[in-house]
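# Topology and contacts: notes
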Amino acid sequence: MIDVVVDRVDAVLDAAAEVAATLATSPPSPLDGDLGPWRVLLDGDDRAAISARRFPSDRRRTLAGRLVLRSLLLDRLGRSWRDLPDLLVCRTCDSCGAAHGRPRYPSMSLSSASSDGWVSAAVGAERAAVGIDIEAVRETTWSGFDGAALHPVEREHFRRHGSAARPRLQRWADKEAVLKAAGVGLRVDPAALRIAEQSSTRTALRCAPERNGSGSPLEWRRVVVSPTSAAEGFSVAAIAAAPGEGGAAASIASTSPDDVRLRSFAGLDL
Ligand SMILES: [Zn+2]
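All of the points below concern the structure found in this document. (Residues numbered from 1 in each chain as written. Predicted model: local features only at pLDDT ≥ 70, side-chain atom pairs only at ≥ 80, totals over all residues. Heavy atoms only, no water.)

## Describing unusual backbone geometry
A positive phi is found at Ser107, a non-glycine position, where the angle reads about 60 degrees. Along the chain, the position of Ser107 falls in the loop between strand S2 (104-105) and strand S3 (108-115). Positive phi is not limited to glycine here, since Asp116 has a value of about 45 degrees. Counting through the fold element by element, Asp116 comes out in the loop between S3 and strand S4 (118-125). (Helix = DSSP H or I, 4+ residues; strand = E, 2+ residues; numbered from the N terminus.)

Written out as structure tokens, the structure is:
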């Protein structure tokens, strides 16, 4: 089972502020700035990462992303909100040792992503090697997208199916999810990576009762051509956009396609 949260930044922060209010022993201080209501839920690394963001919208997105990943991990571990500030997610960078690397926790694989007003996180077993990406859907892609992002075979496929932005952003999310899961990120040319159009494995997407689409199949498509051996053997699936999520395209990648349990932050059982 792979656990996934896809949610809006605002919804996460509203729900988290309610949790924080039940845990706080003193009211938020003006000295805490815009982190105030959530401070009790954060560890030192989180606070440093959030404070490093210059714009309030970026701080809110980073805050929500950190909270979603750590809370989903807590849920998976069967622990409660009180354990949140002490849950140590390591982010040591493989290259330079700074705290901006991919998130790690013993015997688990973790991934998180955000885009505009959206955050997402995935937690799976270590062998699942999960990666997640989310893209806020816009009217158009950036200029030169097809040439920079799509493999020549994909380019031809997309050209036959028109100029719509959403399927292209979904494919971009597919590729980012795979390259993150493989631990290489955008050091690899995404246009050299080709993902199958047809699914080869089908698992179940299990949604919380408040969401529609529960039990709908999840179609996993394989990496067909990869410029790096690190990304071979991965499959990727689009997370169906439930009502209210029409504004984002999310993709989950893994070496072992499995059922996905999709929830909102407020739906976590902590
Ligand atoms: Zn680094």
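## Digging into the environment of Asp46
Here Asp46 shows up in helix H2 (residues 44-51). Given a relative accessible area of 2%, Asp46 falls into the buried group. Taking C-alpha positions, Asp46 is 15 Å from Ala16, a pair spaced 30 residues apart along the chain. Setting aside its immediate chain neighbours within four residues, Asp46 contacts Arg66 and Arg70. Among the polar contacts listed, one links the side chain of Asp46 to the side chain of Arg66, at a separation of 3.1 Å. (Buried < 20%, exposed > 50% of the residue type's maximum accessible area, 1.4 Å probe, protein only. Contact = heavy atoms within 4.5 Å. Polar contact = N/O pair within 3.5 Å; in protein donor to acceptor, adjacent residues only side chain to side chain.)

## Observations regarding the pattern of salt bridges
Applying the stated criterion to the full structure yields 21 salt bridges. Each of Glu154, Arg171, Asp174, Lys175, Glu197 and Arg221 takes part in a single network of salt bridges with overlapping partners. (Salt bridge = Lys/Arg side-chain N within 4 Å of Asp/Glu carboxyl O.)

## Here's the deal with the pairing of strand S9 (residues 235-239)
Most of S9 is tucked away: four of the five residues are buried. Of the strand pairs in this sheet, strand S8 (residues 216-225) and S9 are connected by three bridges, and their pairing is antiparallel. Directly across from Arg222, in S9, lies its bridge partner Ser235. Bridge analysis of S9 against strand S10 (residues 248-254) gives five bridges, and the strand direction is antiparallel. (Pairing = 2+ DSSP bridges.)

## Remarks on the nonpolar core
Within the largest apolar cluster, 33 residues are counted, with the highest numbers of intra-cluster contacts made by Leu41, Leu63, Leu67 and Phe265. When near neighbours in sequence (up to four residues on either side) are disregarded, Leu67 contacts Leu13, Ala16, Trp38, Leu41, Leu42, Leu84 and Phe265. Val6, Trp118, Ala122 and Ala128 belong to the second largest nonpolar core, which has 22 residues in total. (Core = buried A, V, L, I, M, F, W, Y, C linked by side-chain atoms within 4.5 Å.)

## So, the pairing of strand S5 (residues 131-136)
Burial of S5 is extensive: six of the six residues sit out of reach of the surface. Here S5 shows two buried faces, one formed by Gly131, Asp133 and Glu135 and the other by Ile132, Ile134 and Ala136. Bridge count for S5 against S10 is six bridges, and the pairing is antiparallel. Across the sheet, the residue bridging to Ile132 is Ile252, located in S10.

## Quick look at the coordination of the zinc ion
The expected angle between donors at a tetrahedral four-coordinate metal is 109.5 degrees. At an octahedral six-coordinate metal it is 90 or 180 degrees. For the zinc ion, every protein donor is listed as Cys93 (SG), Cys96 (SG) and His100 (NE2), and the spread of their distances is 2.1 to 2.2 Å. Between consecutive donor residues of the zinc ion, the sequence gaps follow C-x2-C-x3-H. (Donors = N, O, S within 2.8 Å, 3.2 Å for Na, K, Ca; no water.)

## Re the layout of surface pockets
Any empty space left between atoms is shown by rolling a water-sized probe over those atoms. One number sums up the size of the largest pocket: a volume of about 1,000 Å³. Looking at the largest pocket, it is lined by 35 residues, and the ones nearest its centre are Arg91, His100, Gly101, Arg102 and Ser112. Ranked by residues supplied to the lining of the largest pocket, first place goes to S3 with six residues. Residue classes in the lining of the largest pocket are distributed as 12 nonpolar, 11 polar and 12 charged. (1 Å grid on protein atoms, 1.4 Å probe; cavity = no way out; pocket = protein on both sides within 12 Å on 5 of 7 lines; lining within 4 Å. Points joined across faces, edges and corners; volume = space filled by probe spheres on them. Nonpolar A, V, L, I, M, F, W, Y, C, P; charged D, E, K, R; others polar.)

## Regarding the side chain of Arg263
Among the structural elements, Arg263 can be located in strand S11 (residues 260-263). Residue class for Arg263 comes out buried when judged on its relative accessible area of 9%. Among the polar contacts listed, one links the side chain of Arg263 to the side chain of Asp75, at a separation of 3.1 Å.

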